[in-house]
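Working through the structure, step by step
The lines below spell out each chain.
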There are 2 protein chains.
Amino acid sequence: MPRHADPTLPARRRAQILEAARACFQARGFRETTVEEICAEARVSPGALYRYFDAKADIIAAIALDARAEAEAAFQELEAGDALVDALAEMARAYFAAFEGAEAAFLTDIWAEAVRDPGLARAMARRDEAARAQLAAAIARAARAGAVYPALSPEDAAETLLAALEGFARRRGLHAAHGEAARLYRSLALHVLKPKR
Amino acid sequence: MPRHADPTLPARRRAQILEAARACFQARGFRETTVEEICAEARVSPGALYRYFDAKADIIAAIALDARAEAEAAFQELEAGDALVDALAEMARAYFAAFEGAEAAFLTDIWAEAVRDPGLARAMARRDEAARAQLAAAIARAARAGAVYPALSPEDAAETLLAALEGFARRRGLHAAHGEAARLYRSLALHVLKPKR
DNA sequence: ACCTGAACACCGTTCAAGT
DNA sequence: ACCTGAACACCGTTCAAGT
């Protein structure tokens, strides 16, 4: 019998619960899935789940922050050259694809939670600012290279592009039929960034 | 004792419940307010409330559709001349103001509900298409008058401007400090619409 | 025809008890 | 130290009974 517990256990349990929750949310959405269902999927008792998360909302918060971290990494790799607009368009395509169908609910659920939960809002705002700074830096680099002539300051252009990205993502869920969102996003980027050709 | 009930009663009761619900949602948000609280505010019993609405979600749906109808009317009055960009900017300012603070939760709550409730989604999509058509028509009028030279087709420009409008509105809730959303929105409209001066 | 309010079903969370 | 699962509190919804 060990004097100290396995120090990797907590992290493993958290991951196990998050994985189960992700599967449930994807299948049925945040509101629709029950803590009991997450427990069944993760094969733990409710008591165990509440040892690792203070509330059901904390689970979706953790998943949301993971997703933001990925987006941040993607922004960091943006090229400085002519390809900026195309890279942005590709990123938008990936973003829209990631929030297709059942995942669209996930996006709006997180937004709705963030408005209510100041802790989640702060955490998301921090991530968001990082992502926006990355994007602004990429725009500034491209501008210095003479590849684009942004209509706005790099910071303002970045904020505008992010706002439009999220707006298109949400509206895609509303009327998928008109979902040429990726094409429209490219046009928007083109006219806000004005590349040299 | 009347043979037939007052025919205006149902409409009055509905309005009475909606008004009470609006007050509660504004104060505490959709999730946080209880049907019991709405009943107390409206001075009806739960049984009476469920006579006029099938579910709590139906109440927020009714309020959402009212709000959309107002937006639609605003779009219809857009001028054809040079003032289009300024009119859009003013509308954006009003939109952002309407969804300030507690109301931001309302916006995201409705979005989250719409993703889950196909009926609400359809109803909102219908309203949205009407609003977008109005905006596209205003852009086309301004273009014919030579006041603007849209970078995209009027329809695409309208969709882009709506997506950005909603995106900015949502992000304003996230980091109100950076909320120069109205100014940014004006710049965006400017570069998508390219007015003649 | 319209309403009341007690009762029901369900679900997030806790906690005494176990190992 | 970590877990179980029964119990609790709460809230959306229903329905038998009233007028």
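Up top is the structure these notes are about.
This write-up is about the structure you can find in this document. No experiment lies behind these values; they were computed from the predicted model shown.

Observations concerning the overall build of chain A
- Broken down by element type, chain A carries 9 helices and 0 strands.
- When the elements of chain A are put in sequence order from the N terminus, they spell out α-α-α-α-α-α-α-α-α.
- Out of the 197 residues in chain A, the part that is buried amounts to 47%.
- For chain A, restricting intrachain contacts to residue pairs at least 6 apart in sequence, the fraction spanning at least 24 positions comes to 68%.
- Just so you have it, chain A exposes about 9,400 Å², and 52% of that area is on carbon and sulfur atoms.
- Here chain A contributes 27 positive and 28 negative side-chain charges, whose respective centroids are spaced 1 Å apart.

Re the protein's contact with DNA strand D
- Close to DNA strand D lie 18 residues; R13, S45 and Y52 of chain A together with V35 and Y50 of chain B are nearest.
- Taking all atoms of DNA strand D within 4 Å of the protein, the share assigned to sugar and phosphate is 67%.
- Measuring from a phosphate oxygen of DNA strand D, one finds a side-chain N or O atom of Y52 of chain A at 2.8 Å.
- A distance of 2.9 Å separates a phosphate oxygen of DNA strand D from a polar atom in the backbone of K56 of chain B.

Describing the pattern of salt bridges
- For the structure shown, the criterion picks out 30 salt bridges over all chains.
- A salt bridge links D66 of chain A to R22 of chain A; its shortest N-O distance comes to 3.8 Å. With D66 of chain A in helix α4 (residues 56-76) and R22 of chain A in helix α1 (residues 9-28), this residue pair connects regions lying 44 residues apart in the sequence.
- Residue class for D66 of chain A comes out partly exposed when judged on its relative accessible area of 37%.
- According to the relative accessible area criterion, R22 of chain A is partly exposed, its value standing at 30%.
- Here R171 of chain B makes a salt bridge to E159 of chain A, at a shortest N to O gap of 2.9 Å. Pair noted here: R171 of chain B is in helix α8 (residues 154-174) and E159 of chain A is in helix α8 (residues 154-174), and the two residues belong to different chains. For the pair R171 of chain B and E159 of chain A, a shared accessibility class is recorded, and that class is buried.
- What you see here is one network of salt bridges that share partners, running through D128, R132, E159 and E166 of chain A together with R170 and R171 of chain B.

Rules used in this analysis
Residues numbered from 1 in each chain as written. Chains lettered and ligands numbered in written order. Predicted model: local features only at pLDDT ≥ 70, side-chain atom pairs only at ≥ 80, totals over all residues. Heavy atoms only, no water. Helix = DSSP H or I, 4+ residues; strand = E, 2+ residues; numbered from the N terminus. Buried < 20%, exposed > 50% of the residue type's maximum accessible area, 1.4 Å probe, protein only. Contact = heavy atoms within 4.5 Å. Areas by Shrake-Rupley, 256 points an atom, 1.4 Å probe, with all protein chains shown as cover. Lys, Arg positive; Asp, Glu negative; His and termini not counted. Charge placed at Lys NZ, Arg CZ, Asp CG, Glu CD. Near = heavy atom within 4 Å. Polar contact = N/O pair within 3.5 Å; in protein donor to acceptor, adjacent residues only side chain to side chain. Salt bridge = Lys/Arg side-chain N within 4 Å of Asp/Glu carboxyl O.

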